[in-house]
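Residue strings, one per chain:
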Amino acid sequence: MTPLGELNALVLGFFIVATIAMTVTRQVGACLQVFIVQSLLLAASAFLLGAVPFSWHLFALGCVTLLSKALVIPWLLRWLVPGEIYRKREIGRTLDTPATLLAALALTFAGYFFAQHLVKAAPNLSAGNVSMGFAALLVGLLVLAVRVEAVPQLLGILAMENAAFLAGIAIAPDFPLIAELAIAFDVPLLAFIVALLTRIAYRRMGTTEVGALSTLRERSR
Amino acid sequence: MIVAVPAIALCAALWCAIPRSGRAAPLVTVAGSFVTFAISGWILWSLRLGGTVVTAVGWIEMDSLGAVLLALIAFVYFTASLFSWGYLNADDGRRLRQYHANFNLFAFSMLSIPCLSELGLVWIFVELTTLLSVLLVSYEQTAEAVEAAWKYMVLTLIGATVAVLGVLILFWALHTAGSTDFTWSGLRMHAAALPRPLVEVAFVLLLVGYGAKIGLVPLHAWLPDAHSQAPSPVCAMLSGVETTAVLYVILRLRDVFASDPSLHVGIWFSVVGLTSVGVASFLILQAHDYKRLFAFSTVEHMGLILTAASIFTPAGDIATVWQMLAHSLAKSLCFYAAGAVLVIAGTREIANVRGLLAESPTTAGAFLFGALAIGGAPPMVVFLSELAILWSALQARLYAVAVLLTLFIVLAFFGLLWRVTTMIGGEHRLPGRRLPAACALAIAVAAIPVIVFGVWLPGGIYDALRSAGQALGAL
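Residues numbered from 1 in each chain as written. Chains lettered and ligands numbered in written order. Predicted model: local features only at pLDDT ≥ 70, side-chain atom pairs only at ≥ 80, totals over all residues.

All names here are of chain B. In this model, helix H13 (residues 314–345) (32 residues) spans 46 Å end to end at C-alpha, consistent with the 46 Å of a helix rising 1.5 Å per residue. With 29 of 32 residues buried, H13 is to be regarded as a mostly interior element. Among the residues trailing H13, Gly346 stands out with phi positive, at a value near 75°. (Helix = DSSP H or I, 4+ residues; strand = E, 2+ residues; numbered from the N terminus. Expected span 1.5 Å × (residues − 1). Buried ≥ 20, exposed ≤ 12 C-beta atoms within 10 Å, placed from the backbone.)

Shown next, in the form of structure tokens:
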């Protein structure tokens, strides 16, 4: 493995740790910070993979990720979502910490081994990105399942998207336009709309515990 | 010319976003949607015998299948604009402006899907359909509406994230096969050379990812909630054409996946389709909210279309496109009728609506007509399309599929009829509000093709359905 490849492997390790940390971090503000770290690691992996051979697509993706996910989204969320949610409140969870960690580890292994099926099809690519991408995608789903607060749920979706692109930069480094466009426009729009919805929820219900909402269901007769 | 269609919706959205445009916003939306529909109709007419319109090679291209979908979206956009005019007229100017700006943006995202041929861009616009409709679903700003919008957003965005991985893997497969022509035609041309393991994983990810957006069982949890809480014209768009537009993406990829015989795409489609039809027909029986009733019917119809696509014969492909058309026309009518009932009765609960016929014969008639139409009663358009699916299944010797479909369709029909007739008859105890004229006009316009295409399919429409079926693949 080349020195850049070794560095990328280290980045991938930190990426999966950051994703698992999002499942157990208690404060909403801390969860947002962990997400920023995860986005920085995605950008770092794009720069490392794009260095040799040089790929302007991957460099563009890394720059857009830095701008969009490490700067614009945190700013949007801080601006639109009431500050007290970040400062005072702890996150309620549907699973306790040990059970969440165990589930995250199990999903990491499951994602890793599922990806091996794909990696065999193209031995030359960065297999670590594909494996860790699949593992982090499943752990991102766990973030959505265990969190009941609106902001961490949004961060769970964004973490899943980061995971998909972590695999994507290895398997489709010259993908035409989609990754750059998606991250540059779709993701900030997503954060903006979710933050607006969170504001409406907070104003109408006095809470942002969207995971606990369960009034809409079929009644048994 | 095809770019003009979504561009007009975008211009209407920008106009409605201008401050102080509040009271004029409904007019701008109706005018914009009408022009959009007229141009889409002209595009459909010019592509009715086949061919492709190319605006930007590899990015913006349209064939007859895309043209059918474009015309359907534009028609529902037009009737939904008319209905919105009457339905939301009591709201203040600012909220009205916000609604119409959002509504036009939502239409823009949907109208763009059939115009595009590059899969990455298609994925972006599919995601945009969710993002631009979330605030429409939560428009009432009640706790229930926020809950519905949240569920809708989370589940469909999880689906979009799973689907993007499928899109990336498909691109990888194409790249491995030596091509970068990531369009519908490019993928089909190189389908046989795509590495099997990659195609298999991409198929699963795309079916699950887009399936969540379509509302296929078991990924349908958001659909009844969003449809019960969103304003009725938004429901017409969501249910009538948004789900169909996303299903169109899966149908477009069907033959790419089918090039791998070990994948058994037909079996997957029929199992998922029949499960959706079956589960939805039972859910219809226990619905307590008449908008949820029609939402479950959407799940049923998405399953029907997927099952029709699993037949893999020329007749099956025409039936698939026919069912897409029938569903979009009849389902939008149903939601306008449901919106009219909500205006008259002020409640969504089936148990609280009695004596609708005595209170408002027009609304009761429209509601019953809509329910009969979507249930598949003759001589409406859904009856013919469902008959075409069953006949295609029998011709292809898929007897088990035909029998199960018949059972589930009959069950859903009687479930719908049972629920609707209890609301129409009985003791009159409704508050007695009047239906706005624009709402009545929208219902009348939406009802015309539902009945006309049931008794007489004009030659041009038949040609368009046939060409669209050919574009789907098997002819």
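Right, let's talk about the interface of chain A and chain B for a bit. Every contact between the two is made by 41 residues of chain A and, on the other side, 39 residues of chain B. When residues of the side of chain A that touches chain B are traced back to their parent elements, those giving at least two are helix H5 (97–119), helix H6 (127–146), helix H7 (150–171) and helix H8 (178–205) of chain A. Tallying contributions element by element places H8 of chain A first for the side of chain A that touches chain B, with 14 residues. Of the residues contributing to the side of chain A that touches chain B, the split by class is 30 nonpolar, four polar and seven charged. (Contact = placed C-beta atoms within 7 Å. Nonpolar A, V, L, I, M, F, W, Y, C, P; charged D, E, K, R; others polar.)

Moving on to the nonpolar core. Formed by 281 residues in total, the largest nonpolar core has its most connected members in Val68, Ile73, Leu168, Ile169, Ala330, Leu333 and Tyr336 of chain B. With 24 residues, helix H6 (residues 143–176) of chain B is the largest single contributor of residues to this core. Those residues within four positions of Ile169 of chain B in sequence are excluded, and the remaining contacts are Ile171 of chain A together with Leu198, Val201, Ala202 and Leu205 of chain B. (Core = buried A, V, L, I, M, F, W, Y, C linked by C-beta atoms within 7 Å.)

Right, let's talk about the domain arrangement of chain B for a bit. Many structure descriptions define interface size as the accessible area lost when the parts assemble. All names here are of chain B. Taken domain by domain, chain B holds domain 1 (1–117), domain 2 (118–263) and domain 3 (308–475). Spacing between the C-alpha centres of domain 1 and domain 3 amounts to 23 Å. Contributing elements (two or more residues each) for the side of domain 1 that touches domain 3: helix H2 (25–46) and helix H3 (64–87). The biggest single contributor to the side of domain 1 that touches domain 3 is H3, with 13 residues. The residue inventory of the side of domain 1 that touches domain 3, partitioned by class, reads 14 nonpolar, five polar and two charged. (Domains from an automatic or database assignment.)

Residues Val52 of chain A and Pro53 of chain A are joined by a peptide bond in cis, for which omega reads -10°. Residue Val217 of chain B is joined to Pro218 of chain B through a cis peptide bond whose omega torsion reads 10°. On the secondary structure map, Pro218 of chain B appears in the loop between helix H8 (196–214) and helix H9 (222–229). Phi angles above zero are rare outside glycine, and His264 of chain B is one such case at about 50°. Tracing the backbone shows His264 of chain B in the loop between helix H10 (232–258) and helix H11 (265–285).

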